[in-house]
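# Coordinates in review
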2 protein chains.
Amino acid sequence: MRPKNLEKEQAIRTIALDIIAKEGLENLSMQKLAKAANVSPRTIYIKYEDKDDLLIKLFITEVLGAYEAATLKGFDERMDFKTGIKKLWDNGFQYLKNNRTHFALILYGKSSPMLNKAYQRENIQQGQFFAPIHRFIQVNVEAGIIQDLPFDAQRALMFSPLLDLVNEYFDHLNRPVQIITDEVIANCCDAVIKGMMK
Amino acid sequence: MRPKNLEKEQAIRTIALDIIAKEGLENLSMQKLAKAANVSPRTIYIKYEDKDDLLIKLFITEVLGAYEAATLKGFDERMDFKTGIKKLWDNGFQYLKNNRTHFALILYGKSSPMLNKAYQRENIQQGQFFAPIHRFIQVNVEAGIIQDLPFDAQRALMFSPLLDLVNEYFDHLNRPVQIITDEVIANCCDAVIKGMMK
DNA sequence: ATAATAAGTAAATGTTTATTTACTTATTAT
DNA sequence: ATAATAAGTAAATAAACATTTACTTATTAT
């Protein structure tokens, strides 16, 4: 049996992310993707059931999986609160600014109903994404270090500004000065920590 | 000369927003829209140059314009900092939770490269969206009430969590309990204020 | 060596796409 | 009343769409 060519599979994924980041999910077509990845359209259908299957696997496995792993690298839920959040912010910012195409698909994960539903399903069936952060927050609520709010609210307070700041970072990439520096990120992280603590 | 039928124009806009919210921007086609709005495809092209023109006008005028007006209603940049932010959060939350289709397009404004570029262009050519908030922040930085950070960073700290909380609000709409209540929103707003103040 | 088989390709499928053509209708200034 | 005209329609256009058919190729267990 002829084995799958993993380079082709990776090319399909990488170039799909490129097209989504540059032209938008609305403008990704299977034929355009096949041509750009130097592959027959049929080859994509050997590896993915259909277009939705490709997009969901791209989003859940390729992007969110890698983003989660990078964010949690060196993080331990037993860290003290400030240290933990700073680690998560630093990991997240470094990863996203170095993986612009991943970031683009993460944004579509919020806006596209189809990707949003896939994310909810995955979170229910396979266990929560970012489970260590869930426990980290719970521990710190129980220890009386941070305020007691629903987890989804805590997560919004902790990480929404970071994603928006990454957006601003990319908006300034082709301009004379970068406004979103590591120092600005660190200051914003401090503000977030201050807001959450009792 | 036969006058434009404004009801048809409004139907086109409203139903376009419906389709985007339910099926996603990727699944909005001119023919589907025409059929759903009970209009000939040609009629859409009388009112809009092409598909991009329709989407940009929907986003900038119909959605962002209304969102800005609703957010700023009863807000005055001379309010004291806490009162001002609370007003903006309350206005924003009420508006978005009552206008789900507008919210859906606002999310695409962050992810879709075409809408994102249109927003940047508009912000440069026609003057900043949310200019009173810009001045409000500046005044409070100069008075030493809040920390001195780039405007884009301040805005991310102030409003990103709100948009994510609205997302959570809608995610919980069809579930047994609503986790994102007015009280949770108020507590999150307090946390944001606390984080920004010196 | 070769039989078996999944991976791969090029080209075609029928459908849907954005947009236009050719025509009709409703309104208003005369 | 009617000429002038933009708004509106139904149907058509060519291109692009997701997916499949019919075929070839590379690999490996025998």
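Here, residues in each chain are numbered from 1, in the same order as that chain's written sequence. All chains are assigned letters beginning with A, and all ligands numbers beginning with 1, in the order in which they are written. Local features are withheld for residues below a pLDDT of 70 in this predicted model, meaning they are given only at 70 or higher, and side-chain atom pairs are given and counted only at 80 or more; totals for whole chains, interfaces and linings count all residues. Values reported for side chains reflect all heavy atoms of the structure, with hydrogen atoms and water molecules removed beforehand.

## Focus: the packing of helix α1 (residues 6–23) of chain B against helix α4 (residues 51–72) of chain B
Residues and elements named next belong to chain B. We apply this condition: Axes here mean lines fitted to C-alpha atoms, for a helix over just the part in contact, with angles spanning 0 to 180 degrees between N-to-C directions. Secondary structure follows DSSP: runs of H or I at least 4 residues long count as helices, runs of E at least 2 residues long count as strands, and numbering of each begins at the N terminus. The labels follow the angle: roughly parallel below 35 degrees, roughly antiparallel above 145, roughly perpendicular from 65 to 115, and oblique for the rest. We call two residues in contact whenever any of their non-hydrogen atoms come within 4.5 Å of each other. Amino acid classes used here: Ala, Val, Leu, Ile, Met, Phe, Trp, Tyr, Cys and Pro are nonpolar; Asp, Glu, Lys and Arg are charged; the rest, including Gly, are polar.
The geometry of α1 relative to α4 is characterised by a closest axis approach of 11 Å and an angle of 95° between their N-to-C directions. If you check the angle between α1 and α4, you find them roughly perpendicular. On the side of α1, the interface is formed by Gln 10, Ile 12, Arg 13, Ala 16, Leu 17 and Ile 20, while α4 contributes Leu 54, Leu 55, Lys 57, Leu 58, Thr 61, Glu 62 and Val 63. Among the residues forming the contact of α1 with α4, the class breakdown is 8 nonpolar, 2 polar and 3 charged.

## Remarks on the domain arrangement of chain A
Residues and elements named next belong to chain A. Under the convention used in this document: For the domain bounds, the source is a domain assignment made automatically or taken from a database. Here the buried area means the combined drop in accessible surface, using a 1.4 Å probe, for two parts upon being joined, counting both sides.
Domains assigned within chain A are domain 1 (1–47) and domain 2 (67–196). Put simply, the middle of domain 1 and the middle of domain 2, counted by C-alpha atoms, are 29 Å apart. Between domain 1 and domain 2, the contact holds 7 residues from the first and 7 residues from the second. Approximately 560 Å² of surface area, both sides summed, lies buried where domain 1 meets domain 2, with 79% of it carried by carbon and sulfur atoms. When the buried surface of domain 1 facing domain 2 is broken down by residue, Leu 17, Ile 20 and Leu 25 rank first, second and third, together holding 70% of it.

## Thoughts on the UniProt feature "DNA-binding region" (unreviewed entry) in chain A
Under the convention used in this document: UniProt positions are given in the numbering used here, feature names are shortened, and annotations may be inferred rather than shown by experiment.
Under the feature "DNA-binding region" (unreviewed entry), the UniProt entry names residues 29–48 of chain A. In residues 29–48 of chain A, helix accounts for 70% and strand for 0%; the two terminal C-alpha atoms are 14 Å from one another.

## Comments concerning the protein's contact with DNA strand C
Selection criterion: Whether a residue is near a molecule or strand depends on its heavy atoms: it is near if one of them lies within 4 Å of it. Nitrogen and oxygen atoms within 3.5 Å of one another constitute a polar contact, given that in protein one can donate a hydrogen and the other can accept it, and given that sequence-neighbouring residues count only through two side-chain atoms.
The local shell around DNA strand C holds 24 residues, among which Thr 43 of chain A together with Met 30, Gln 31, Tyr 45 and Lys 51 of chain B are the closest. For DNA strand C, the fraction of atoms within 4 Å of the protein that belong to sugar or phosphate moieties is 57%. Tyr 45 of chain B places a polar side-chain atom, nitrogen or oxygen, 2.7 Å from a phosphate oxygen of DNA strand C. Those elements that place two or more of their residues in the surface near DNA strand C are α3 (41–47) of chain A together with α2 (30–36) and α3 (41–47) of chain B. Broken down by element, the residue count for the surface near DNA strand C peaks at 4 residues, all from α3 of chain A. Considering only residue class, the surface near DNA strand C consists of 9 nonpolar, 6 polar and 9 charged.

## Thoughts on the relation of the copies chain A and chain B
Stated precisely, the cut-off is as follows: The atoms used to superpose the copies are C-alpha atoms, taken from residues with pLDDT of at least 70 in both, and the fit is least squares.
Of the transformation superimposing chain A on chain B, the axial component is 0.0 Å and the angular component is 180°, with the fit at an RMSD of 0.0 Å. Here the two chains are linked by the operation of a two-fold rotation axis. When the interface residues of chain A are mapped onto chain B, 100% of them again lie at the interface, so the same face is used by both copies.

## As for empty space enclosed by the protein
This is how the line gets drawn: Cavities and pockets were defined on a 1 Å grid built from protein atoms only: a cavity is a group of points that admits a 1.4 Å probe but offers it no way out, a pocket is an open group of points flanked by protein on both sides within 12 Å along at least five of seven lines, and a lining residue is one with an atom within 4 Å of any such point. Grid points are joined across faces, edges and corners, and a volume is the space filled by probe spheres set on the points.
Counting across every chain of the model gives 2 cavities of 30 Å³ or more. Space inside the largest cavity adds up to approximately 130 Å³. Lining the largest cavity are Leu 107, Lys 110, Ser 160, Leu 163 and Asp 164 of chain A together with Leu 107, Lys 110, Ser 160, Leu 163 and Asp 164 of chain B. Those elements that provide at least two residues to the lining of the largest cavity are α6 (100–111) and α9 (151–171) of chain A together with α6 (100–111) and α9 (151–171) of chain B. Taken together, the residues of the lining of the largest cavity break down into 4 nonpolar, 2 polar and 4 charged. Looking at the lining of the second largest cavity, its residues break down into 10 nonpolar, 2 polar and no charged.

## Notes on the interface of chain A and chain B
Operational definition: By definition, a salt bridge exists where a carboxyl oxygen of Asp or Glu is found within 4 Å of a side-chain nitrogen of Lys or Arg.
On the chain B side, the residues contacting the 43 residues of chain A number 43 residues. Applying the counting criterion to the chain A and chain B interface returns 4 salt bridges. A salt bridge links Lys 110 of chain A to Asp 164 of chain B, with the nearest nitrogen and oxygen atoms 3.0 Å apart. Taken together, chain A and chain B are joined by 13 residue pairs in polar contact (both at pLDDT 80 or more). Contributions of two or more residues to the side of chain A that touches chain B are made by α1 (6–23), α6, α7 (113–125), α9 and α10 (182–196) of chain A. Here the side of chain A that touches chain B takes 12 residues from α9 of chain A, the largest share from any one element.

## Considering the side chain of Arg 13 of chain B
Residue and element names in this part refer to chain B. The cut-off we apply is this: Each residue's exposure class comes from its accessible area (1.4 Å probe, protein chains only) as a fraction of the maximum for that residue type: buried when under 20%, exposed when over 50%, partly exposed otherwise.
Of note, Arg 13 is situated in helix α1. A relative accessible area of 12% means that Arg 13 is categorised as buried. Looking at Arg 13, its side chain comes within polar contact range of the side chain of Tyr 48, at 2.7 Å. Excluding residues that lie within four positions of it along the chain, Arg 13 makes contacts with Tyr 48, Lys 57, Leu 58, Thr 61 and Glu 62.

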